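# Report on the structure
What follows is each chain in one-letter form.
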Amino acid sequence: MNKLSVASRQTCLMGNWLKSIAGPAILSAFLLATLSGCSMLRIGYDHLDTFALWTVDDYFDLEQEQKHDFRKRFDRLHEWHRHEQLPDYAVFLASAGARVQKGLAREDVAWISEGVRDRYRTIIRRSADDAAALLTKVTPAQLDALRRQFEKDNRRFVREYHLEDGADEQRRAAAKRVLARIRDWTGRLNDEQERKITALARELPMNHGLRYEDRMRRQREFLQLLALRGDSARFPARLRHWVLNWEEGRAPEYDGLWARWMEQQADFYVAVDRMLTPLQREHVTHRLQKYAEDFTFLAQRPGAATASH
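Because the structure is a prediction, the values reported are computed rather than measured.

### Notes on the packing of helix α3 (residues 48-60) against helix α4 (residues 64-102)
Look at α3 against α4: their axes get within 10 Å of each other, and the N-to-C directions meet at 135°. Classified by the angle their axes make, α3 and α4 are oblique. Two packed elements cross with a definite hand, and for α3 against α4 that hand is right-handed. Along its contact with α3, which presents Leu48, Asp49, Ala52, Leu53, Val56 and Asp57, the element α4 presents Lys67, Phe70, Arg71, Phe74, Asp75 and His78.

### Details of helix α5 (residues 106-135)
Here α5 contains 30 residues, and its C-alpha end-to-end distance of 40 Å stays within 8% of the 44 Å for a straight helix at 1.5 Å per residue. Of all the bends in α5, the greatest measures close to 45° and is centred on Ser127.

### Here we look at the side chain of Gln280
The residue Gln280 is located in helix α12 (residues 278-298) in this model. At 2.9 Å, the side chain of Gln280 and the backbone oxygen of Arg188 are in polar contact. Those residues in contact with Gln280 that sit more than four places away from it in its chain are Thr186, Arg188, Leu189, Gln193 and Met275.

### Looking at the pattern of salt bridges
Overall, the coordinates contain 29 salt bridges when judged by the stated rule. Measuring nitrogen to oxygen at the nearest pair gives 2.8 Å for the salt bridge that ties Asp214 to Arg217. Residue Asp214 and its partner Arg217 are located together in helix α9 (residues 208-226), separated by three residues, close to a single helical turn. The exposure class of Asp214 is buried, given its relative accessible area of 9%. For Asp255, the salt bridge is made with Arg250, and the minimal N-O distance between the two is 3.7 Å. Residues joined by salt bridges that share partners form a network here, namely Asp69, Arg73, Arg76, Asp130 and Lys137.

### Structural notes on unusual backbone geometry
For Asp61, which is not glycine, the phi torsion reads 50° and is therefore positive. As for its position among the elements, Asp61 is in the loop between α3 and α4. A positive phi angle, near 55°, is found at His162, a position not held by glycine. Along the chain, His162 turns up in the loop between α6 (140-160) and α7 (167-186).

### A few points about the environment of Phe150
Inspection of the secondary structure assignment puts Phe150 in helix α6. Judged by relative accessible area, which is 5%, Phe150 ranks as buried. With 91 residues separating them in the primary sequence, Phe150 and Tyr59 have C-alpha atoms 8.1 Å apart.

### Focus on the packing of aromatic side chains
Each pair of aromatic rings is reported with the distance of its centres and the angle of its planes. The final tally for this structure, using the stated rule, is 13 aromatic pairs. Between Phe157 and Tyr161 the ring centres are 4.5 Å apart and the planes differ by 40°, which places this aromatic pair in the tilted class. Considered together, Phe157 and Tyr161 belong to a single accessibility category, that of buried residues. Cluster of aromatic residues (ring-pair linked, three or more members): Phe157, Tyr161 and Tyr212. Against the face of Trp111 rests Arg99, its NZ or CZ located 4.0 Å from the ring centre. For Arg287, the ring lying beneath its charged end belongs to Trp185, and the centroid distance is 4.2 Å.

### So, α3
The first and last C-alpha atoms of α3 sit 18 Å apart over 13 residues, in line with the 18 Å expected at 1.5 Å per residue. For α3, the complete set of buried residues consists of Leu48, Ala52, Leu53, Thr55, Val56, Tyr59 and Phe60. Buried residues of α3 fall within an arc of 160° about the axis and therefore sit on the same side. Facing away from the buried side of α3 by over 90 degrees, the exposed positions are Thr50 and Trp54. After α3 finishes, the residue Asp61 shows a positive phi value of roughly 50°.

The rules behind each value
Residues numbered from 1 in each chain as written. Predicted model: local features only at pLDDT ≥ 70, side-chain atom pairs only at ≥ 80, totals over all residues. Heavy atoms only, no water. Axes fitted to C-alpha atoms, helices over the stretch in contact; angles between N-to-C directions. Helix = DSSP H or I, 4+ residues; strand = E, 2+ residues; numbered from the N terminus. Parallel < 35°, antiparallel > 145°, perpendicular 65-115°, else oblique. Left-handed = near helix turned anticlockwise from the far one by under 90°. Contact = heavy atoms within 4.5 Å. Expected span 1.5 Å × (residues − 1). Bend = angle between axes of the 7 residues up to and from the residue. Polar contact = N/O pair within 3.5 Å; in protein donor to acceptor, adjacent residues only side chain to side chain. Salt bridge = Lys/Arg side-chain N within 4 Å of Asp/Glu carboxyl O. Buried < 20%, exposed > 50% of the residue type's maximum accessible area, 1.4 Å probe, protein only. Phe/Tyr/Trp six-rings, centres within 6.5 Å; stacked < 30°, edge-to-face > 60°. Lys NZ or Arg CZ within 6 Å of the ring centre and 35° of its normal. Arc of directions from axis to C-beta.

Written out as structure tokens, the structure reads:
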């Protein structure tokens, strides 16, 4: 629960930028850990090509030739990811389960956060050249479609995080989201646990406003970067640097708040971990184990799954 919640938050943030670069790295299987069950994980992973194409088309309104090119490149990436990355994810989740089983410390939260970053960078390094090749073919009309989708996303962000409401409403909504995420991993929480978790969550630094400003900055940078897409010598390297170094260029105020938020969030998850009952801890570790088993199953070569039955 705790570490996977951290992972899902990191991956959600990363995924927002990945969708902006034509989406190949949507393959990150950690994103699939938000699905409701193991069978859904297996089904969802096998249909990532459809989901990825739908997402990219939503942002760029692709032409048929671009869709064909995307599918071809995505299928190669998907095949590599299935057989080369999913076994690593299975080991990672099994290790996470062992850490949850014995009780979390701050270094465990740091371990999961760094693990997610490392795996993000691995996918980006593999997919950046394909993303650059796809983006070189973006038309001016598709840039307009991208701007419209950014505006739509930004309006959704404002609504979801209550940016037009007062600070108290933002804290209330944030605490409610955190509580729901924890409950999803632990099963039912008792009233006392919910009161304590809500109180702790309300003490976390409020960073949504600065996140929104940084989000807008990143979108502007991406549009500026796309203006170079006709420069085959510079564009691929610039794109790779931009997606690998997604924290670069933050305003000092946001950078400082983000560091403080990460520190306090680590303390928060350790505190929540100490509230868990044995049954709740078992609920978390069992779910991690099932995801690890699913990743192992999905990584099998053709024919291996049939032979194992």
